[in-house]
Amino acid sequence: MPNHGAEGMEGREVRAWRRGPRRCIVGTPRVGGASTVPSFSCCLVPSKKVARSSLEPEFSLEFALRRQDAASAWPRQPPLQPTALDLLKDVHMGLAPPGRGPVRLAVLSGHYLYYHYGCDGLDDRGWGCGYRTLQTLCSWPEGRPAGVPGLVAVQTALEDMGDKPPGFRGSRSWIGCVEASLCLDYFGGPKGRLCHVPRGAGLQGELERLYSHFAGGGGPVMVGGDADAQSKALLGVCLGPGTEAYVLVLDPHCWGPPKNSSELQAAGWVGWREVSTAFDPNSFYNLCLTSHNSEKQRQALN
């Protein structure tokens, strides 16, 4: 699998345990009235207007420079000409179940479009994976581009909500799961529910949650971390036999127009991966789980 460096500004998402009158945080300890970063898995649903916690952890200069270097590492090229979207749909179809025979298998319901680097003519290599994963989430469950925001529209929305400072629009700054959940609400897309997985826990402890999510008709799940800062989407989970566990990963880092789903599957841009090796135990992770938010979207699942 090609490695395009640390991406998707997930490293700052640990700061995003937010205060607010319409916040629902399950199991988050509080100190002096301010939310703290939990040492256990928890979920929250953000509202449009948010305030950053005063107890935000500091990040090292090394990490900040690594992010800056990753965003500027790509060679300068002439801008690409905007192209009409010609996106592939449901690119996981046809993949065989992993392992020696699943005990339990659950894959997302409904349809989605595969958004990836440069799919709209914009060269966003090195910084756009979070935006592309968000676009894939927004295309669910009907699998159509109608209502899916462009990258500038996402940046403008985050400025309008007060989540980002003026000047964020038009930048090459990354976004992650927290920003994605805000934009899902802002643009009227699927519901987005955030879950935080502490550093060192990996996704092993979230497999039952993910299985229930997909088995219950849930949509794609955005995932990203800090040490592992490449945003991607999960489309399913396969458990067993024994301790075997796999997740179906959709990777937005593909560059160039793929011809068909088979080409993407052969190149590894979508496929089953073992949980024990696909995720960095030294990274925390955030998940954004999507679900339908209207009767119209429920009907699209049928």
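Given the structure is predicted, the values throughout are model-derived calculations rather than measurements.

So, how was this worked out
Residues numbered from 1 in each chain as written. Predicted model: local features only at pLDDT ≥ 70, side-chain atom pairs only at ≥ 80, totals over all residues. Heavy atoms only, no water. Helix = DSSP H or I, 4+ residues; strand = E, 2+ residues; numbered from the N terminus. Contact = heavy atoms within 4.5 Å. Disulfide = S-S within 2.5 Å. Buried < 20%, exposed > 50% of the residue type's maximum accessible area, 1.4 Å probe, protein only. Phe/Tyr/Trp six-rings, centres within 6.5 Å; stacked < 30°, edge-to-face > 60°. Lys NZ or Arg CZ within 6 Å of the ring centre and 35° of its normal. Core = buried A, V, L, I, M, F, W, Y, C linked by side-chain atoms within 4.5 Å. Pairing = 2+ DSSP bridges. Axes fitted to C-alpha atoms, helices over the stretch in contact; angles between N-to-C directions. Parallel < 35°, antiparallel > 145°, perpendicular 65-115°, else oblique. Nonpolar A, V, L, I, M, F, W, Y, C, P; charged D, E, K, R; others polar. Salt bridge = Lys/Arg side-chain N within 4 Å of Asp/Glu carboxyl O.

Asks: Mind showing me how you'd approach the environment of Pro-102 here?
Replies: Tracing the chain through its elements places Pro-102 in the loop between α1 (61-72) and β5 (104-107). For the pair Pro-102 and Gly-242, spaced 140 residues apart in sequence, the C-alpha to C-alpha distance is 9.7 Å. Dropping the residues within four chain positions of it, Pro-102 is found in contact with Pro-97, Cys-238, Leu-239 and Gly-240.

Asks: How do you make sense of the state of the cysteines when you look at a structure like this?
Replies: In a disulfide, the sulfur atoms of two cysteines are held together by a covalent bond. Across all of its chains, the model carries zero disulfides by this definition. With no disulfide partner, Cys-254 has as its closest neighbouring cysteine sulfur the one in Cys-119, 9.7 Å distant. No disulfide involves Cys-288; its nearest neighbouring cysteine sulfur is the one of Cys-177, lying 5.9 Å away. Given a relative accessible area of 0%, Cys-288 falls into the buried group.

Asks: Help me understand unusual backbone geometry, please; the structure alone is not making it clear to me.
Replies: Trans is the common state for peptide bonds, and a negative phi is the common state for residues other than glycine. A cis amide bond links Trp-140 to the next residue, Pro-141, at an omega of 10°. Note on placement: Pro-141 falls in the loop between α2 (129-139) and α3 (151-160). Put simply, Gly-240 and Pro-241 share a cis peptide bond, and its omega is 0°. Within the secondary structure, Pro-241 sits in the loop between β8 (232-239) and β9 (245-250).

Asks: Mind showing me how you'd approach the packing of aromatic side chains here?
Replies: Think of a pair of aromatic rings as described by two things: how far the centres are apart, and how the planes are tilted against each other in angle. With the rule as written, the count across this model stands at three aromatic pairs. Each ring, one from Tyr-186 and one from Phe-187, has its centre 5.0 Å from the other, and the planes form 75°; the classification is edge-to-face. Measuring from ring centre to ring centre gives 5.4 Å for Phe-279 and Tyr-285, while their planes differ by 90°; the resulting arrangement is edge-to-face. Just as Phe-279 is buried, Tyr-285 falls in that class too. Above the face of the Tyr-211 ring, Arg-104 is positioned so that its terminal group lies 4.6 Å from the ring centre. Over the aromatic face of Phe-168 sits the side chain of Lys-164, whose NZ or CZ is 5.3 Å from the ring centroid.

Asks: In this structure, what is going on with the nonpolar core? I would like to understand it.
Replies: Across soluble globular proteins, nonpolar side chains show a tendency to be buried alongside one another. Of all hydrophobic cores here, the largest spans 38 residues; its most connected members are Leu-234 and Leu-287. Mapped onto this core, the elements with two or more residues apiece are β6 (191-197), α5 (207-215), β7 (221-225), β8, β9, β10 (270-274) and β11 (285-291). Excluding residues that lie within four positions of it along the chain, Leu-234 makes contacts with Leu-203, Leu-210, Phe-214, Pro-220, Val-221, Val-223, Val-247, Leu-248, Val-249 and Phe-279. By size, the runner-up hydrophobic cluster in this structure holds 27 residues, among which are Tyr-115, Trp-127, Leu-194 and Cys-288.

Asks: Just to check I follow, could you spell out α2 for this structure?
Replies: Three- or four-residue spacings in an α-helix give side chains the same orientation, since the helix completes a turn every 3.6 residues. In terms of burial, α2 is largely enclosed, as 11 of its 11 residues are buried. All buried positions along α2 are accounted for by Cys-129, Gly-130, Tyr-131, Arg-132, Thr-133, Leu-134, Gln-135, Thr-136, Leu-137, Cys-138 and Ser-139. Buried-residue contacts for α2 involve α3, α4 (177-186), β7, β8, β9 and β11.

Asks: Can you walk me through the pairing of β11 in this structure?
Replies: Walk down a regular strand and you will see the side chains alternate between the two sheet faces. Judged by how many residues are buried, β11 sits mostly within the fold: six of seven residues are covered. Bridge analysis of β6 against β11 gives seven bridges, and the strand direction is antiparallel. Each bridged residue has a counterpart across the sheet, and for Lys-191 the counterpart in β11 is Ser-291.

Asks: So what exactly am I meant to see when it comes to the packing of α2 against α3 here?
Replies: If you want to describe how two helices pack, look at the angle between their axes and the distance between the axes. Here α2 crosses α3 at 95°, and the two axes come no closer than 10 Å. Considering their axes alone, α2 and α3 lie roughly perpendicular with respect to each other. Along its contact with α2, which presents Tyr-131, Arg-132, Leu-134 and Gln-135, the element α3 presents Leu-151, Val-154 and Gln-155. Tallied by class, the residues present in the contact of α2 with α3 amount to four nonpolar, two polar and one charged.

Asks: Hey, could you run me through the pattern of salt bridges in this one?
Replies: Pairs can form between side chains of opposite charge whenever their charged atoms are close. Under the criterion given, the structure shown has 11 salt bridges. A salt bridge links Glu-208 to Arg-104; its shortest N-O distance comes to 2.5 Å. Here the residue Glu-208 occupies a position in helix α5, and Arg-104 occupies one in strand β5, the gap between them amounting to 104 residues. On the basis of relative accessible area, Arg-104 is assigned to the partly exposed category, the value being 30%. For Asp-124, the salt bridge is made with Arg-132, and the minimal N-O distance between the two is 2.7 Å. Side by side, Asp-124 and Arg-132 carry an identical accessibility label, which is buried. When salt bridges that share partners are traced, they join Asp-120, Asp-124 and Arg-132 into one network.

Asks: Whenever I open this one, the pairing of β7 confuses me. Can you help?
Replies: The element β7 is largely enclosed, with a buried count of five among its five residues. Burial along β7 is two-sided: the face carrying Val-221, Val-223 and Gly-225 and the face carrying Met-222 and Gly-224 are both buried. With three bridges connecting them, β7 and β8 associate as antiparallel partners. Within β8, the position partnered with Val-223 by the bridge is Lys-232. Counting the residues between successive antiparallel strands, the hairpin from β7 to β8 contains six residues. Taken together, the five bridges between β7 and β11 define a ladder with antiparallel strand orientation. Paired with Val-221 across the strands is Leu-289, a residue of β11.

In short, the description is geometric, and any link to function would need to be established separately.
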